[in-house]
Amino acid sequence: MFNKLLEAFKVSLRNDRQLIRRYLILGAFDGILVAVSVLITSVIAGENIEKITPIVLSGITGVTISSMWNTMVVEIKEKREELRQLELQMMRKLKGTIYDYSFKLSIILTTLSHSLSPFLGLISLLIYQATRSVTLTIIFSAITLSGLGIIYEGDIKEKIGTAIMMFIAGIIASLLSLLISTNP
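Cut-offs used in this document
Residues numbered from 1 in each chain as written. Predicted model: local features only at pLDDT ≥ 70, side-chain atom pairs only at ≥ 80, totals over all residues. Heavy atoms only, no water. Salt bridge = Lys/Arg side-chain N within 4 Å of Asp/Glu carboxyl O. Helix = DSSP H or I, 4+ residues; strand = E, 2+ residues; numbered from the N terminus. Buried < 20%, exposed > 50% of the residue type's maximum accessible area, 1.4 Å probe, protein only. Axes fitted to C-alpha atoms, helices over the stretch in contact; angles between N-to-C directions. Parallel < 35°, antiparallel > 145°, perpendicular 65-115°, else oblique. Contact = heavy atoms within 4.5 Å. Nonpolar A, V, L, I, M, F, W, Y, C, P; charged D, E, K, R; others polar. Core = buried A, V, L, I, M, F, W, Y, C linked by side-chain atoms within 4.5 Å.

So, the pattern of salt bridges
Counted according to the given criterion, the structure contains 7 salt bridges. Here glutamate 82 ties to lysine 79 by a salt bridge, and the two come within 3.4 Å at their closest N and O atoms. On the criterion of helical spacing, the pair formed by glutamate 82 and lysine 79 is a turn pair, its members being 3 residues apart in helix 2 (residues 49–90). We classify lysine 79 as buried; its relative accessible area is 3%. With a closest N to O distance of 3.3 Å, aspartate 100 and lysine 104 form a salt bridge. You can see aspartate 100 and its partner lysine 104 sitting in helix 3 (residues 98–116), 4 residues apart, about one turn around the helix. What makes aspartate 100 buried here is its relative accessible area of 6%.

Next up, the structure:
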């Protein structure tokens with residue numbers, strides 16, 4: 001049984017490596033943007049660091065729960081359909097096979113990658129705690145988002161384009177948070 005699960009794990013990684021990476025990047029992106037937005041608003045509202053930390057953590061936790069449930073709903077449906085299509089092609093049920101296990105493991109791996117990666121937003125909080133500078137937090141968070149763009153799929157030109165887009169998204173989210181926070 002262990003060998004079958006190990007083989008199913010290898011199949012899951014081979015078939016869904018890009019999907020897992022995408023979910024990881026999407027979750028981290030969401031977590032960083034939430035952390036920066038909540039942090040900026042909290043600082044402008046005059047909250048002290050002891051209150052900002054649980055506020056940011058709460059926002060990230062909300063994104064984590066949302067990411068987890070969204071991924072489970074989507075991937076359970078997708079993997080069931082993929083297994084059904086494979087069963088039709090093979091003209092037999094695949095319950096208990098490596099394929100069945102690999103689809104189930106894929107659901108677990110994608111859900112874990114999408115639901116744990118928002119906690120990378122804690123980087124923004126740590127930067128603020130270390131520097132007490134909203135400006136540096138925004139800059140370093142945008143740079144972190146760019147790094148996520150670099151590890152995205154594609155050739156180097158596409159990666160640079162994605163990195164720039166993610167950097168801009170971080171700046172836009174930060175500017176909107178500043179605008180909303182200073183104009184009640």
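Let's talk about the packing of helix 2 against helix 4 (residues 122–131)
When two helices pack together, their arrangement is given by the angle between the helix axes and by the axis-to-axis distance. At a minimum axis separation of 10 Å, helix 2 and helix 4 run at an interaxial angle of 170°. By the criterion of interaxial angle, the relationship of helix 2 to helix 4 is roughly antiparallel. Contacts between helix 2 and helix 4 pair Ile49, Ile52, Thr53, Val56, Leu57 and Ile60 from the former with Leu122, Leu125, Tyr128 and Gln129 from the latter. Taken together, the residues of the contact of helix 2 with helix 4 break down into 8 nonpolar, 2 polar and no charged.

Focus on the nonpolar core
Residues Ile25, Ala28, Phe29, Ile32, Leu33, Val36, Ile40, Ile138, Leu145, Leu148, Met166 and Ala173 constitute the largest nonpolar core, which totals 12 residues. Secondary structure elements with two or more residues in this core: helix 1 (2–44), helix 5 (134–150) and helix 6 (156–182). Here the element with the most residues in this core is helix 1; it accounts for 7 residues. One finds Leu39, Ile52, Leu125 and Tyr128 within the second-largest nonpolar core, a separate group that totals 8 residues.

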